Amino acid sequence: MALLDILEYPDPRLRNRAEPITVFDAVLVKRVKDMFETMYAAPGIGLAATQVNVHQRLLVMDVSQDRSAPMVFINPEILERREVGVMEEGCLSVPGYFDDVERAQYVKVRAQDQHGITFERELSGLEAVCLQHEMDHLDGKLFVDYLSLLKRDRVRRKLEKERKDRASRGVSPATTADKAAVGVER
Ligand code: NI
């Protein structure tokens, strides 16, 4: 297992559209393990492959407090969404920033597991919101895209400044505390 580097906004690679997964092999199983390890270490509650610079339609989630509910979604598609509501979100790729986003609070999803088996699942509340947030990543979309241009610009400038400060102090991003502060991916 290995900890993977998480791309941060406004890295242009976060804008890539991920490709469907067609090969279910040991490489994929290892990637899923590494993504869980990276997500738990961050710590976060969801991680899309796009965020670790792998442009395949794969995401992992675990919204439990005790790592007891790991979920893997490969090639996910939403069959049904209902009950629009607002929840505060954060993102491991936008460290230290949280804001309200409106999304369906109930979704029915079809996806494959890491062995290629198709399943359907109904999710509500935080799980539903987290899934939609992670699926956005696979299409090159970030939660800050739902905010006003003004807010988004402010976030981008703040993150760029922090990155510069870290570089001038010689601190690697992985060792800074801001990764710990996330909402939806907490
Ligand atoms: Ni995110």
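Thresholds, definitions, all that
- Residues numbered from 1 in each chain as written.
- Predicted model: local features only at pLDDT ≥ 70, side-chain atom pairs only at ≥ 80, totals over all residues.
- Heavy atoms only, no water.
- pLDDT = per-residue confidence, 0-100.
- Contact = heavy atoms within 4.5 Å.
- Helix = DSSP H or I, 4+ residues; strand = E, 2+ residues; numbered from the N terminus.
- Buried < 20%, exposed > 50% of the residue type's maximum accessible area, 1.4 Å probe, protein only.
- Polar contact = N/O pair within 3.5 Å; in protein donor to acceptor, adjacent residues only side chain to side chain.
- Salt bridge = Lys/Arg side-chain N within 4 Å of Asp/Glu carboxyl O.
- Phe/Tyr/Trp six-rings, centres within 6.5 Å; stacked < 30°, edge-to-face > 60°.
- Lys NZ or Arg CZ within 6 Å of the ring centre and 35° of its normal.
- Disulfide = S-S within 2.5 Å.

### Overview of the confidence of the model for the protein
With 91% of its residues at a pLDDT of at least 70, the protein reaches an overall mean of 92. Predicted confidence for residues 175–183 stays below pLDDT 50, and this span has 29 contacts to residues more than four positions away or in other chains.

### Quick look at the side chain of Asp-99
Mapped onto the elements of the fold, Asp-99 is located in strand S4 (residues 94–112). Note on Asp-99: relative accessible area 13%, which makes it buried. At 2.7 Å, the side chain of Asp-99 forms a polar contact with the side chain of Tyr-97. Among the polar contacts made by the side chain of Asp-99, one reaches the side chain of Lys-151 at a distance of 2.9 Å.

### Let's talk about the pattern of salt bridges
All told, the structure shown has 19 salt bridges when counted by the stated rule. Its salt-bridge partner being Asp-153, residue Arg-157 comes within 3.5 Å of it at the nearest N-O pair. Residue Arg-157 and its partner Asp-153 are both found in helix H3 (residues 149–169); the two are separated by four residues, about one turn of the helix. Where Glu-160 meets Arg-156, a salt bridge forms, and the shortest distance between an N and an O atom there is 3.3 Å. Residue Glu-160 and its partner Arg-156 are both found in helix H3; the two are separated by four residues, about one turn of the helix. Exposure remark for Glu-160: the relative accessible area of 31% places this residue in the partly exposed category.

### Examining unusual backbone geometry
Of the consecutive residues Tyr-9 and Pro-10, the connecting peptide bond is found in the cis state with omega at 5 degrees. With respect to the secondary-structure elements, Pro-10 resides in the segment before helix H1 (26–41). Of note, the amide linkage connecting Ala-42 to Pro-43 takes the cis form, showing an omega dihedral of -5 degrees. Relative to the elements of secondary structure, Pro-43 occurs in the loop between H1 and strand S1 (46–48). For Arg-67, which is not a glycine, the phi torsion comes out positive at approximately 60 degrees. Tracing the sequence through the fold places Arg-67 in the loop between strand S2 (58–61) and strand S3 (71–91). For Glu-83, which is not glycine, the phi dihedral falls at a positive 60 degrees. Assignment of secondary structure puts Glu-83 in strand S3.

### Details of the packing of aromatic side chains
The full count for this structure, using the stated rule, is three aromatic pairs. Aromatic side chains Phe-36 and Tyr-40 sit 5.9 Å apart centroid to centroid with 20 degrees between the ring planes, which places their arrangement in the stacked category. Here Tyr-40 and Phe-36 lie together in helix H1, a separation of four residues that amounts to about one turn. Across the pair, exposure class does not vary: Phe-36 and Tyr-40 are buried alike. For the cation-ring pair, Arg-82 lies above Tyr-106, with the distance from its terminal atom to the ring centre recorded as 4.0 Å.

### Some words on the state of the cysteines
Taken as a whole, this structure holds zero disulfides when the rule is applied. Take Cys-130: it sits in no disulfide, and the sulfur closest to it among the cysteines is that of Cys-91, at 9.9 Å.

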